[in-house]
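The residues making up each chain are set out below.
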Amino acid sequence: MALGADHGGYALKEEVKRYLLARSYQVTDCGVHSAEPADYPYYGKTVAECVASGRAHRGVVICGTGVGMSVAANRVPGIRAALCADSFTARMARAHNDAQVLALGARVVGTGLALDILAAFLSTDFEGGRHDRRVRQLD
Ligand code: RB5
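Bear in mind the structure is a predicted one, so any value in this text is a computation, not a measurement.

**Q** It is not clear to me how the sheet that holds strand β5 (residues 101-105) should be interpreted in this structure. Could you clarify?
**A** Ordered by their spatial adjacency, five strands build an open sheet running β2-β1-β3-β5-β4, and the pairing between neighbours is parallel. Of all the strands in the sheet, just β2 (28-29) and β4 (81-83) have a single pairing partner and so form its edges. Bridge analysis of strand β1 (residues 2-5) against strand β3 (residues 59-63) gives four bridges, and the strand direction is parallel. What sits directly across from L3, in β3, is V60.

See below:
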């Protein structure tokens, strides 16, 4: 699992990392490593490249709103990053869109909801079928 955040997402990234490590996920932390101001495009791209290259199975990117990070991650070919502020969207992003990267807005959702969104994202399989055809059309 690759994680990345800017300063707006740093604290939540640390919570996400704790959550994942406690559940024995292998975590690659692509930064940031402090709450000092940082530009999100580099971190979104780095996480997305980790996933696109197969170095990580899934990614989580976090900034203030999640918007900048999701845009950055989606610019990496083959990546489907889903910005989710609720658990239903997270489940559907996996089941229907086969999203590999979850984007979270740390100034939008609290830690409890963010971790519930993450759990929904990680525990839902892609349904395939008609959704597979649609996902392939994206590329
Ligand atoms: C940083 O202030 C903020 O703009 C950033 O975290 C993110 O929300 C951008 O989309």
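Let's pick the thread back up.
**Q** Whenever I open this one, the packing of aromatic side chains confuses me. Can you help?
**A** Remark: the centre distance and the inter-plane angle together describe each pair of aromatic rings, the angle taken between the planes. Applying the stated criterion to the full structure yields one aromatic pair. Summarising the aromatic geometry, the rings of Y42 and Y43 are spaced 5.0 Å apart at their centres and angled 90° between planes, so their arrangement reads as edge-to-face. On the accessibility criterion, Y42 (54% relative accessible area) is exposed. Accessibility expressed as a relative area gives 18% for Y43, which makes it buried. The ring of Y19 is capped by R23, whose NZ or CZ atom sits 3.7 Å from the centre of that ring.

**Q** Sorry if this is basic, but what is going on with the nonpolar core here?
**A** A general tendency of soluble globular proteins is for nonpolar side chains to be buried together. The biggest cluster of nonpolar side chains holds 23 residues, and the ones touching the most others in it are V16, V60, L102, L104 and L118. At the level of secondary structure, the elements contributing two or more residues to this core comprise β1, α1 (10-22), β3, α4 (87-95), β5 and α5 (111-123). Of the residues forming this core, the biggest block, six residues, is contributed by α5. For V16, the residues in contact, after removing those within four places along its chain, are L3, I62, L115 and L118.

**Q** Can you walk me through the site of the ligand in this structure?
**A** Taken together, D6, H7, Y40, C63, G64, T65, G68 and R107 form the complete shell of residues around the ligand. G64 is positioned with one of its backbone polar atoms (N or O) 2.8 Å from an oxygen atom of the ligand. Residue T65 places a main-chain N or O atom 2.9 Å away from an oxygen atom belonging to the ligand. Within the complex, 70% of the 300 Å² of free accessible area of the ligand lies under protein. Grouping the constituent residues of the shell around the ligand by class yields two nonpolar, four polar and two charged.

Each value, and the rule that gives it
Residues numbered from 1 in each chain as written. Predicted model: local features only at pLDDT ≥ 70, side-chain atom pairs only at ≥ 80, totals over all residues. Heavy atoms only, no water. Pairing = 2+ DSSP bridges. Helix = DSSP H or I, 4+ residues; strand = E, 2+ residues; numbered from the N terminus. Phe/Tyr/Trp six-rings, centres within 6.5 Å; stacked < 30°, edge-to-face > 60°. Buried < 20%, exposed > 50% of the residue type's maximum accessible area, 1.4 Å probe, protein only. Lys NZ or Arg CZ within 6 Å of the ring centre and 35° of its normal. Core = buried A, V, L, I, M, F, W, Y, C linked by side-chain atoms within 4.5 Å. Contact = heavy atoms within 4.5 Å. Near = heavy atom within 4 Å. Polar contact = N/O pair within 3.5 Å; in protein donor to acceptor, adjacent residues only side chain to side chain. Areas by Shrake-Rupley, 256 points an atom, 1.4 Å probe, with all protein chains shown as cover. Nonpolar A, V, L, I, M, F, W, Y, C, P; charged D, E, K, R; others polar.

None of this, on its own, says anything about what the molecule does.
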